[in-house]
Amino acid sequence: MAGLVPAQATAPVLIIVGIMMCSGFKEIEWTNLEVAVPAFFASIFMGLSYSISNGIAAGFIFYCIVMIVQGKAKKLHPILIAATVLFLINYCLMAYLAMA
């Protein structure tokens, strides 16, 4: 049923959804690097890779990097660290398999 709708008909809806997603940017604390850097990279990776999961992965990875650089690594939750490590392993495996 979804295949009956042409791509030209769904494009305007996707633009509206993108605009609605961007409305949340005003609530980001841009002066706080712990929040701003991961939010920036998450939004950039989502937009450039056309993948929400890549954006989430970038947000996790950059949040951990910022916290480690600021000396606040002890504040990172173990589940966040585990998810970040799994994202990194996934990207390393994808890079390795792409070279093979």
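A quick note: this is a predicted structure, and the numbers were derived from the prediction, not measured. (Residues numbered from 1 in each chain as written. Predicted model: local features only at pLDDT ≥ 70, side-chain atom pairs only at ≥ 80, totals over all residues. Heavy atoms only, no water.)

Take the environment of Glu29 next. Within the fold, Glu29 resides in the loop between helix H1 (7–22) and helix H2 (33–49). Between the alpha carbons of Glu29 and Ala39 there is a distance of 9.5 Å; along the sequence they are 10 residues apart. Leave out the neighbours within four places in its chain, and Glu29 touches Val35 and Ala36. (Helix = DSSP H or I, 4+ residues; strand = E, 2+ residues; numbered from the N terminus. Contact = heavy atoms within 4.5 Å.)

Here we come to helix H3 (residues 52–69). For H3, which comprises 18 residues, the first-to-last C-alpha distance of 26 Å matches the rise-based estimate of 26 Å (1.5 Å per residue) to within 8%. Taken together, the buried positions of H3 are occupied by Gly55, Ala57, Ala58, Gly59, Ile61, Cys64, Val66 and Met67. The inward-facing, buried residues of H3 contact H2 and helix H4 (78–99). A positive backbone phi angle near 80° is found at Gly71, which sits one or two residues after H3. (Expected span 1.5 Å × (residues − 1). Buried < 20%, exposed > 50% of the residue type's maximum accessible area, 1.4 Å probe, protein only.)

At a closest axis distance of 7 Å, the pairing of H2 and H3 adopts a crossing angle of 155°. In terms of their interaxial angle, H2 and H3 are classed as roughly antiparallel. In this structure, the crossing between H2 and H3 has a hand that is right-handed. Mapping the contact onto sequence places Leu33, Glu34, Val37, Pro38, Phe41, Ala42, Phe45, Met46 and Ser49 in H2 and Ile52, Asn54, Gly55, Ile56, Ala58, Gly59, Phe62, Tyr63, Val66 and Met67 in H3. Of the residues belonging to the contact of H2 with H3, the class tally is 14 nonpolar, four polar and one charged. (Axes fitted to C-alpha atoms, helices over the stretch in contact; angles between N-to-C directions. Parallel < 35°, antiparallel > 145°, perpendicular 65-115°, else oblique. Left-handed = near helix turned anticlockwise from the far one by under 90°. Nonpolar A, V, L, I, M, F, W, Y, C, P; charged D, E, K, R; others polar.)

Let us look at the side chain of Ser51. Looking at where Ser51 falls in the secondary structure, it is placed in the loop between H2 and H3. Overall, Ser51 belongs to the buried group, its relative accessible area being 17%. Sequence-distant contacts of Ser51, that is, excluding residues within four places in its chain, are made with Phe45 and Met46.

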